Amino acid sequence: MTATNAKVLSRYEIARHFRRSKSGLAGVAIILGLIGMSIYSTVAIPLESYRHWNSPNFWIDYPRSAAPSWVNIGLGPKIPEHTILHMKDATISSIEEGQLRAVVHSYALNFNYDYYPSDFMLLYSARYGSTQPVLQVNVVRPDGQDFMIYFASLPSSQQERNEFSARVFSTDRAIAENLRDYEGIFSYKQDSSRPEIMIFAEAQENKILKGQYVIRETFYLFDSQDSIEDSGIILGGKVYGLMGTDELRRDLAVGILWGAPIALFIGFTVSIAAVLIGLIYGVFAGYKGKHTDEGLMRVSDVFYSLPALPILIILSVTIGRSIFLITGFLVIFGWVSMAKVSRSLALQLKNMQYVEAAKLMGQSDTKIIFRHIIPQLLPLTFATIAIAVPGAILGEASLSFLGLGDPSIPTWGQILHDANSSSAASRGLWWWIAPPGIMIAITGLAFVLIGNALDSILNPRSRKI
Amino acid sequence: MGGYGRFIAKRSINMIIVLFATLVLTVSLLGPTMDKILTDAIKFNVVEEITQKELQFSTLEERQTFIDNRVKDQITTFGLDEPWYAPKRFTNTVLKVMVLDLGKSNYLTSDSGSSNVRDIILEKLPKTVLLFTTATVIVTMIGLYLGAFVANRAGSIWDRLNSSFAVFSGSFPIWWVGMLMIFGFAFTYQIFPPHSTPQTSPSDPMYVFDLLYHMTLPLITMTLVGFGSWAFMVRYFVVGVLSEDYISAKRTIGIPEKRIVYSHALKNAAPPIITVIALSLASSFGGAITVEAVFGWPGLGRLFYDAIGFLDIPIIIGLTYVSTVVFIITVFVTDLMYAYFDPRVKVA
């Protein structure tokens, strides 16, 4: 912690030592990974999915509390994966007979799971005028059976050629009625009111029929100007995606990925701002000495003694909880320790001969502080910034965890808050709890590793012991 | 001795300034919200009063004027006609809280039904003290022995394992580890209750056991997260002492190594360690908020969390003030002790 140690090493030497520190390099690697995640999330994930994080309608196609899909890897029974197919996944063909057109969207679906799907949904979106198109849905099963499960005209449109979107649920009465015709195929009693089971069951034995299913959605259009904008099928499963989903059907992978740039932003902004403020404040106090020092140190004592989390909570409740405000609040509590350290170092440095010489040459105080004292403390400053990052990230995460974070964006703390308020832990929804916490810990760990590596280079005493 | 007296005086003044500043800050932050809540409550009470007394009015306007007048009257009696920052009200609030006259809460009550903020805090305080003191004692015991153990083997595999564990465990948010523990030991293996509020009533003879049973999971969590960094810190101080000359002297005269490490070195490293114990206990309120929120432990942190939910301003101000007082007095006492034992501190 002494200035003389910090002075001996040149920038080049610090870099050389750092390259030899395994833990420091590991920290850098983790941070590069996080930056990669941030870039990926800004480029690959549509911005709207993060803006819509808290709007339930956006996530309606997703399953509720689904585990990650990789739980199926292994020998255990395979849990059906939640599948969302849209027009782009379909093979489209079209037959024309005069005015009448039949547009066929067929979806191929491999069903090799050991449980029945929980439900399914048929989606469509069509543009038509006064004559309503007719929708027919067939399911061709792996055993060759062709079930016509739905045949009905789309709802009448009041206006000229508006786009009409709707979804047919597996609980629809029309599906059950159509399926009743096929009950005879089964050698045992099948219940046509549970289509998600009947469609996926074997005819001879009461078990799941595995293999490739083809779902054919045929639209009969009666006007040459009518068109099909979208179609699709959602097969309800219990596992989904890389990270699963939460109680509100949100894709946790989106939240985890978007949490990275936000955490890095908070960590860097808070620690850099707080440490720089503390550095200048402390050096100024130490250099000026006497009453200035006394007064400034009393002020920093006040900040040191304030209970940080309670005051942070009060601030976010009364002033606001946007991410920028929270960043500012965290700075208020972050600068004090650096101020204390840099003050004591400035006390030593100001008696160095070159500082006295500069003073005798009539250089202004500001110039001496910024040209002669602060540059000596820069290595220490970088180490302190790195060590201060986890505190900032944890601070924001704790606030978010208590439900006092920025409500408009997903942060790791907030995901954990939602998990805790839905008592995810006592319900066993581990995929909702583990990843955000691991991300918080890894991010913090990376900066601590770098900070410790820098610190042990700058303070050989702590390296030795 | 004159130097020591001046030191105490300076520190005392300092302490009072800090307390005052905290209080002024808290009151200024919460003042506007407090006024709004109180005015709303008065309006609500007046309308309630009309329905209860079944007062009849010939016109709607008459009713409205009656309400307005009643509200105005009550606002004057409560002194709310002046804003919270009016000198009289402001000094009044600050001075009252300073002497621990914390007033009445808006919504929350103690289990015995009192809405006196002091009663509520005194009722919850023992729970937080119980949980956090026990945790600190356990963590300190493990930390002391583990720290001294690895200090004696600085650079060994044990030492490196301990250092990595300290860095690693320090990175995890304690409330997250708490959630994992609930998942592991309340869901997967149903050993402990997921919610730590005891079900039996305090008068029941089994209450103590029920309380201890409910306390186990939070306790294990805090120990797991805490002991690594404690051992690391103890190691740091002990290694410092072990490199002193008088220890080498003891070695040369043949005092057994075990005795040197666990008795002499640990004893000499005690002052900074005791300081850290005192400060961590005094500042445990901040940690209590998140830990008690996860486990539902009925202590001060939980009370603060609930008070934030209900915006129960008197409780928020009271708790913030009390926790600051505890922290500052601890800092003060440890400073004095340090100065007494180590005269160099006074000069610096």
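Each chain carries its own residue numbering, running from 1 in the direction its sequence is written. Starting at A for chains and at 1 for ligands, labels are handed out in the order in which the entities are written. For a predicted model such as this one, the threshold for reporting local features is a pLDDT of at least 70, and the threshold for listing and counting side-chain atom pairs is 80 or more; totals across whole chains, interfaces and linings nevertheless cover every residue. Calculated side-chain values reflect all of the structure's heavy atoms, with hydrogen atoms and water omitted.

**Quick word on the sheet that holds strand β6 (residues 146-153) of chain A**
Residue and element names in this part refer to chain A. Spatially, the 5 strands line up as an open sheet ordered β2-β3-β8-β5-β6, and their pairing is antiparallel. The outermost strands of the open sheet, each flanked by one partner alone, are β2 (91-97) and β6. Here the average twist between neighbouring strands, direction ignored, is 15°. The pairing of strand β3 (residues 100-111) with strand β8 (residues 211-221) spans 11 bridges and is antiparallel. Across the sheet, Y107 pairs through a bridge with I215, a residue of β8. Two strands are counted as paired when DSSP detects at least two bridges linking them. Where helices and strands are cited, they refer to DSSP runs of H or I of at least four residues and of E of at least two residues respectively, numbered from the N terminus. A fitted line through C-alpha atoms serves as each axis, taken over the contacting stretch for helices, and the angle formed by two N-to-C directions is quoted from 0 to 180°.

**What about the pattern of salt bridges?**
Residue and element names in this part refer to chain A. What makes a salt bridge here is a side-chain nitrogen of Lys or Arg within 4 Å of a carboxyl oxygen of Asp or Glu, nothing more. Taken as a whole, this structure holds 18 salt bridges over all chains when the rule is applied. Here R216 makes a salt bridge to D146, at a shortest N to O gap of 3.6 Å. Taken together, the residues span a long stretch of sequence, with R216 in strand β8 and D146 in strand β6 at a distance of 70 residues. According to the relative accessible area criterion, D146 is partly exposed, its value standing at 31%. Salt-bridge contacts for R427 lead to E247; the nearest nitrogen and oxygen are separated by 2.9 Å. Pair noted here: R427 is in helix α15 (residues 424-427) and E247 is in the loop between β9 (227-236) and α7 (252-288), with a separation of 180 residues, a long-range link. Here the term buried applies to any residue with accessible area under 20% of the maximum for its type, exposed to any over 50%, and partly exposed to those in between, with areas from a 1.4 Å probe on protein chains only. The exposure class assigned to R427 is partly exposed, which follows from its relative accessible area of 38%. The network of salt bridges with shared partners includes E294, R298, D301 and K340.

**Side note on the nonpolar core**
Ranked by size, the top nonpolar core spans 141 residues in total, and within it I313(A) and F304(B) carry the most contacts. Ranked by residue count, the leading element in this core is α7(A), at 14 residues. Two residues form a contact once any of their heavy atoms are found within 4.5 Å. If near-sequence neighbours (up to four positions away) are discounted, I313(A) is found in contact with L399(A), L402(A), L404(A), I289(B), F304(B) and I308(B). Among buried residues, those of type Ala, Val, Leu, Ile, Met, Phe, Trp, Tyr and Cys that are joined through side-chain atoms within 4.5 Å constitute a nonpolar core. One finds A90(A), Y124(A), Y128(A) and Y182(A) within the second-largest nonpolar core, a separate group that totals 39 residues.

**Some details on the packing of aromatic side chains**
Classification of ring pairs uses Phe, Tyr and Trp, with its six-membered ring standing for Trp, and accepts pairs whose centres are within 6.5 Å; under 30 degrees between planes counts as stacked, over 60 as edge-to-face, and the remaining range as tilted. By the definition in use, this model includes 28 aromatic pairs over all chains. Aromatic side chains F265(A) and F324(A) sit 5.9 Å apart centroid to centroid with 80° between the ring planes, which places their arrangement in the edge-to-face category. One end of the pair, F265(A), is in helix α7; the other, F324(A), is in helix α10 (residues 323-334), and 59 residues separate them in sequence. On the basis of relative accessibility, which here comes to 34%, the residue F265(A) falls in the partly exposed class. Take F324(A): its relative accessible area is 60%, and that puts it in the exposed class. Residues F401(A) and W175(B) carry aromatic rings whose centres are separated by 4.2 Å and whose planes lie at 15° to one another, so their mutual orientation is stacked. With one member in each of two chains, F401(A) in helix α13 (residues 365-401) and W175(B) in helix α6 (residues 174-188) form a pair that bridges those chains. The exposure classification of F401(A) matches that of W175(B), with both residues buried. Put simply, the rings of W53(A), F58(A), W59(A), Y62(A) and Y240(A) pair up and form one aromatic cluster.

**A few points about the environment of L221(A)**
All names here are of chain A. Position of L221 among the secondary structure elements: in strand β8. On the accessibility criterion, L221 (1% relative accessible area) is buried. Expressed as a C-alpha distance, the spacing of L221 and N206, which sit 15 residues apart in the sequence, is 39 Å. Non-local contacts of L221, meaning those with residues more than four positions away in its chain, are made with Q99, L100, R101, V103, P133, D226, S227 and I228.

**Side note on the packing of helix α11 (residues 284-295) of chain B against helix α12 (residues 300-310) of chain B**
Residues and elements named next belong to chain B. Across the interface, α11 lies against α12 with an axial gap of 7 Å and an inter-helix angle of 75°. With respect to each other, α11 and α12 are oriented roughly perpendicular. For the pair formed by α11 and α12, the contact residues are F285, A288, I289, E292 and A293 on the first element and L300, G301, R302, F304 and Y305 on the second. The residue makeup of the contact of α11 with α12, split by class, is 7 nonpolar, 1 polar and 2 charged. Note on terminology: angles under 35 degrees are roughly parallel, angles over 145 are roughly antiparallel, angles of 65 to 115 are roughly perpendicular, and the others are oblique. Note that Gly is not counted as nonpolar here; it falls among the polar residues with everything else outside the nonpolar set of Ala, Val, Leu, Ile, Met, Phe, Trp, Tyr, Cys and Pro and the charged set of Asp, Glu, Lys and Arg.

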